[in-house]
Amino acid sequence: MLTHTGTNTIETERLILRRFKYTDDDAMLKYWIADEKIQSLYSEPVYTTKDEVKGLLDKYIGSYERNDYYRWAVIEKNSDECIGQIAYFLVDSKNHFAEIEYCIGADFQCRGYATEAARAVIDYGFRNINLHKVQICTKTINAASKRVIEKCGFTYEGTLRDYFYMNGTYVGRLYFSILRSEYKGEL
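Small disclaimer: the values here were computed from a predicted structure and weren't measured.

A.B. asks: Help me out: how do you make sense of the overall build of the protein chain in this one?
C.D. replies: Broken down by element type, the protein chain carries five helices and eight strands. Listed by position from the N terminus, the elements making up the protein chain come as β-β-α-α-α-β-β-β-α-β-α-β-β. Dimensions of the protein chain along its principal axes, counting C-alpha atoms only, are 45 × 40 × 30 Å. Burial status across the protein chain gives 50% buried among its 187 residues. Partitioning the contacts of the protein chain with sequence separation of at least 6, the portion at a separation of at least 24 is 64%. Of the roughly 9700 Å² of accessible surface on the protein chain, 47% is carried by carbon and sulfur atoms.

The structure is reproduced here in structure tokens:
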């Protein structure tokens, strides 16, 4: 049985993962949510105005009332700015698993931030929510995300071929998972 705790703050060496705030809107627009390339890699729409971002934040912040909702703003400690997001966007309470999604702004990529955030959220899922399985998927064209997934210890499960149609071409979807029994963290 899962123990739903809701989105609680997680601190890592260089990051704070916390609930979104309305004051995150400028950094979101500056670093990631208006970037078509970033948003397309995890199949999310582009938001280009403060009103659009406010609408999204209304959804995020309103959902924090639910104890089975898990979405964190990724805050870089050095700048205190929202450089991305990470979430358990799919939580299956019946089957005891959840699926992660994440994005980090282009200015902050290739620094290990996505891996650091993902490891923290995986640990949170096993330690606090009592998940049996954490799964993640990425597009076949997203080499950076595949590296994050490998660094986090996920096992490849399979590919859904030609899953996405992007810019006139088909792209596959790679699935990975890690089971509680495989998790190397301290439980």
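Read on for the rest.
A.B. asks: Hey, could you run me through the pattern of salt bridges in this one?
C.D. replies: If the charged atoms of two oppositely charged side chains come close together, the side chains can form a pair. By the definition in use, this model includes 12 salt bridges. The shortest N-O distance in the salt bridge between E11 and K77 comes to 2.8 Å. Here the residue E11 occupies a position in strand β1 (residues 10-11), and K77 occupies one in the loop between β3 (70-76) and β4 (81-92), the gap between them amounting to 66 residues. Assessed through its relative accessible area of 57%, E11 is described here as exposed. Among the salt bridges present, the one from K50 reaches D25, with a minimum N-O distance of 3.5 Å. Taken together, the residues span a long stretch of sequence, with K50 in helix α3 (residues 50-63) and D25 in helix α1 (residues 25-31) at a distance of 25 residues. Residue K50 is classed as partly exposed on the basis of its relative accessible area, which comes to 42%. For D25, a relative accessible area of 14% puts it in the buried group. The network of salt bridges with common partners includes D25, D26 and K50.

A.B. asks: Quick question: what am I supposed to make of the layout of surface pockets here?
C.D. replies: Over the atoms a probe the size of a water molecule is rolled, and this reveals where empty space is left. Within this model, the largest pocket holds a volume of roughly 740 Å³. Those elements giving two or more residues to the lining of the largest pocket turn out to be α2 (36-41), β5 (97-104), α4 (113-129), β6 (133-139) and α5 (143-151). Split into classes, the residues belonging to the lining of the largest pocket amount to 19 nonpolar, seven polar and 10 charged.

A.B. asks: How should I be thinking about α3 in this particular structure?
C.D. replies: Relative to the 20 Å expected for 14 residues at 1.5 Å per residue, α3 spans 20 Å between its end C-alpha atoms, a close match to the ideal helical length. Regarding α3, the residues found buried are V53, L56, L57, Y60 and S63. Looking straight down α3, one finds that the buried residues subtend no more than 125 degrees of arc, so they occupy a single side. Check the buried side of α3 and you find it contacts α1 and β3.

A.B. asks: Just to check I follow, could you spell out the environment of L29 for this structure?
C.D. replies: With respect to the helices, strands and loops of the structure, L29 is situated in helix α1. By relative accessible area, which is 18% here, L29 ends up buried. L29 sits 20 residues away from T9 along the chain, and the two C-alpha atoms are 22 Å apart. Leave out the neighbours within four places in its chain, and L29 touches A34, Y47, T48, T49, K50 and V53.

A.B. asks: Mind showing me how you'd approach α5 here?
C.D. replies: Along an α-helix, a turn takes 3.6 residues, which lines up residues three or four apart on a common side. Those residues of α5 lying buried are S145, V148 and I149. For α5, the angular spread of the buried residues around the axis is 100 degrees, confining them to a single face. Exposed residues pointing more than 90 degrees away from the buried face of α5 are listed as E150 and K151. Looking at the buried positions of α5, the neighbouring elements they touch are β5, α4, β6 and β8 (169-179). Phi turns positive, to about 85 degrees, at G153, one or two residues after α5.

Reading the values: the criteria
Residues numbered from 1 in each chain as written. Predicted model: local features only at pLDDT ≥ 70, side-chain atom pairs only at ≥ 80, totals over all residues. Heavy atoms only, no water. Helix = DSSP H or I, 4+ residues; strand = E, 2+ residues; numbered from the N terminus. Buried < 20%, exposed > 50% of the residue type's maximum accessible area, 1.4 Å probe, protein only. Contact = heavy atoms within 4.5 Å. Areas by Shrake-Rupley, 256 points an atom, 1.4 Å probe, with all protein chains shown as cover. Salt bridge = Lys/Arg side-chain N within 4 Å of Asp/Glu carboxyl O. 1 Å grid on protein atoms, 1.4 Å probe; cavity = no way out; pocket = protein on both sides within 12 Å on 5 of 7 lines; lining within 4 Å. Points joined across faces, edges and corners; volume = space filled by probe spheres on them. Nonpolar A, V, L, I, M, F, W, Y, C, P; charged D, E, K, R; others polar. Expected span 1.5 Å × (residues − 1). Arc of directions from axis to C-beta.

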